[in-house]
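Overview (structure and organization)
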Amino acid sequence: MRVSQAVSMAAIMIGGAMGMAHAQEVKIFCGDTGIGCAQLQPVTDKFNAENSGMKVTLELVNYATVLDSLPVQLESGEGPDGGMITDLGGLSRFYVDLTPYVDVDLFNHEFPQTLQWLRGSDPTGSAINGMPASLTVNGAYVNLTLFEQAGVPVPGEGATWEEWAEATRKVAEATGTDFAMEMDRSGHRFASLAISYGARLVDDEGRPVVDEGLRNAITQFVEWHKSGVMPMDLWGAVGGTTHRELFSDFLNGNVVLYFGGSWTLSRMDSEVGDLFDWSVVPTPCGPSSCTAMPGGPALVAFNSTKHPEVMGKFINYIAQPENYAQIIAAAVEIPAETTVVENGVEYPGVSARTQKALATFSAQVPKMDEAAFNFQGWRFQRAMMNALTTRISQVLNNELTVDAALERIEDDVNLAITAAGTQ
């Protein structure tokens with residue numbers, strides 16, 4: 001090789017190395033459940049291969065890190081460029097508007113109801129701060145084997161919460177099952193019941209609402225615990241804001257109806273297996289509606305990023321229906337994107353029972369009350385959910401009356417709003 005050729009080759013190699021060294025790299029936090037790093041990685045690899053000069057790195061973190069440590073990091077300006085998060089309203093002050101870097105028409109068409117969840121104090125605005133990654137749906141799992149053994153008919157679609165309580169009570173008594181109904185110790189799960197009873201929870205100005213619907217829901221919930229339909233040692237024995245999911249009780253056949261959510265479907269399929277026959281049933285109805293709470297993670301960009309254009313281009317890439325469908329299928333999640341919902345999703349390797357359960361969960365989305373969507377996107381949703389779990393437990397333990405609990409709930413959330421205003 002002549003000297004001139006060698007010099008040219010060296011220059012090309014050096015230039016390429018410098019290009020790699022100056023690649024715009026972003027880091028995204030994601031977990032190991034739902035739509036996590038494992039489900040995002042194949043599409044991320046495609047993005048990196050197709051976009052020279054840009055690199056997206058996924059960092060696996062546990063849920064506690066996202067819930068507790070991430071807000072502290074973002075407050076100090078030291079957080080990651082983006083993340084897969086669930087506290088959509090609570091972290092909204094840290095988002096960056098990606099409007100200049102995404103296909104706005106695509107996002108508005110594909111996520112017409114859920115983009116508002118990422119707009120914090122301006123839910124009617126036009127900012128695009130990320131994309132809803134999937135929908136989760138609160139819902140009821142029922143042990144059909146116990147119903148068959150008891151000879152009790154399974155309530156049909158449109159059955160009320162009270163009808164389900166009575167039916168499951170009969171089944172539990174006939175079969176010697178420990179409990180008729182259980183609900184995760186979660187303000188989010190309780191919100192499904194509350195809104196179905198007419199509770200608003202938040203008004204148009206972003207202030208907490210304590211109304212007759214919430215009073216009636218708490219009163220009924222307490223009565224179920226006092227009468228033994230629900231176990232006192234779950235909501236009653238644990239204090240404060242402690243979150244408890246009760247899947248293990250359903251797995252072990254200790255409860256007839258378990259009110260949890262769609263995120264446990266894969267575990268339900270793999271761990272319950274053929275131990276007993278089970279089904280997801282349509283959401284029980286209250287006097288106001290038959291609503292469940294929607295939820296789900298979102299992929300967002302934070303204002304700590306130095307490369308918002310890379311985050312925007314990556315999230316826009318994830319939002320393409322063909323890429324999004326691949327991720328949803330791998331995660332066995334309910335899609336939030338209009339085109340993918342309309343086209344349907346094939347979930348490779350998923351049992352017929354789980355396919356049916358996914359269809360039932362998806363069928364609850366059109367029945368969701370507007371108050372449920374508003375509550376999900378509220379910046380102070382977590383403050384309200386924490387107040388609900390704390391104060392309801394105090395009512396169960398005879399430390400507060402229902403009226404006193406309602407006053408404390410409103411005070412708790414207003415204190416959180418005041419504190420946020422002084423930050």
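- The protein chain appears in an unreviewed UniProt entry as ABC transporter substrate-binding protein from Roseibium salinum.
- The UniProt entry for the protein chain carries this comment under Sequence similarities (unreviewed entry): "Belongs to the bacterial solute-binding protein 1 family."
- What UniProt records for the protein chain under Subcellular location (unreviewed entry) is the sentence "Periplasm".

Examining unusual backbone geometry
- The phi angle at Val332 is positive, at roughly 55 degrees, despite the residue not being glycine.
- Tracing the backbone shows Val332 in the loop between α13 (321-331) and α14 (338-343).
- In the Ramachandran plot, Asn398 falls in the positive-phi region, its phi being about 60 degrees despite a non-glycine side chain.
- Mapped onto the elements of the fold, Asn398 is located in the loop between α17 (381-396) and α18 (402-421).

Remarks on the side chain of Thr390
- The residue Thr390 is located in helix α17 in this model.
- Setting aside residues up to four positions removed in sequence, Thr390 forms contacts with Gly240 and Thr241.

Regarding the pattern of salt bridges
- Scanning all chains against the criterion turns up 12 salt bridges.
- Note that Arg215 is salt-bridged to Asp403, the shortest N-O span being 2.0 Å. Placement of Arg215 in helix α8 (residues 212-227) and of Asp403 in helix α18 is noted, with a sequence separation of 188 residues between them.
- With a relative accessible area of 44%, Asp403 lands in the partly exposed category.
- Notably, a salt bridge pairs Arg391 with Asp412, separated by 2.9 Å at the nearest N-O pair. Residue Arg391 is found in helix α17, and its partner Asp412 is found in helix α18; the two are separated by 21 residues along the sequence.
- Several salt bridges converge on common partners, so that one network encompasses Glu166, Arg169 and Glu173.

Digging into the packing of helix α2 (residues 37-50) against α13
- α13 packs onto α2 with a crossing angle of 155 degrees between their chain directions and a minimal axis gap of 8 Å. With respect to each other, α2 and α13 are oriented roughly antiparallel. At the point where α2 passes α13, the crossing takes the right-handed sense. In this structure, α2 uses Gln39, Leu40, Pro42, Val43 and Lys46 to contact α13, whose residues at the interface are Asn323, Gln326, Ile327, Ala330 and Ala331.

Quick look at the state of the cysteines
- Scanning the entire structure with this criterion turns up two disulfides.
- The disulfide partner of Cys30 is Cys37, and the gap between their sulfur atoms is 2.0 Å. An S-S torsion of about 100 degrees defines the bridge between Cys30 and Cys37 as right-handed. Cys37 matches Cys30 in its accessibility class, with the two residues each being buried.
- Here Cys285 is linked by a disulfide to Cys290, with a sulfur-sulfur distance of 1.9 Å. Residues Cys285 and Cys290 are joined by a disulfide whose S-S torsion is about 95 degrees; by sign, that bridge is right-handed.
- Sequence-ordered numbering of the bonded cysteines in the protein chain gives a pairing of 1-2, 3-4.

Considerations on helix α11 (residues 265-272)
- Of the positions making up α11, those classed as buried are Leu265, Met268 and Val272. Angularly, the buried residues of α11 cover 70 degrees about the axis, an arc narrow enough to put them on a single face.
- Buried residues along α11 sit against β5 (136-143), α10 (247-251), β8 (278-281) and α15 (352-364).
- One or two positions beyond α11, positive phi appears at Gly273, with a value near 55 degrees.

Some details on the sheet that holds strand β4 (residues 130-132)
- One open sheet accounts for five strands, arranged β2-β1-β3-β10-β4; its pairing is mixed. The open sheet has two free edges, formed respectively by β2 (54-60) and β4, since each of these has just one partner strand. Going across the sheet, the axis of each strand differs from the next one's by a mean of 20 degrees, ignoring polarity.
- Where strand β3 (residues 82-85) and strand β10 (residues 298-301) come together, four bridges link them in antiparallel fashion. Paired with Met84 across the two strands is Leu299, which belongs to β10.

Cut-offs applied
Residues numbered from 1 in each chain as written. Predicted model: local features only at pLDDT ≥ 70, side-chain atom pairs only at ≥ 80, totals over all residues. Heavy atoms only, no water. UniProt positions renumbered as here; feature names shortened; annotations may be inferred. Helix = DSSP H or I, 4+ residues; strand = E, 2+ residues; numbered from the N terminus. Contact = heavy atoms within 4.5 Å. Salt bridge = Lys/Arg side-chain N within 4 Å of Asp/Glu carboxyl O. Buried < 20%, exposed > 50% of the residue type's maximum accessible area, 1.4 Å probe, protein only. Axes fitted to C-alpha atoms, helices over the stretch in contact; angles between N-to-C directions. Parallel < 35°, antiparallel > 145°, perpendicular 65-115°, else oblique. Left-handed = near helix turned anticlockwise from the far one by under 90°. Disulfide = S-S within 2.5 Å. Arc of directions from axis to C-beta. Pairing = 2+ DSSP bridges.

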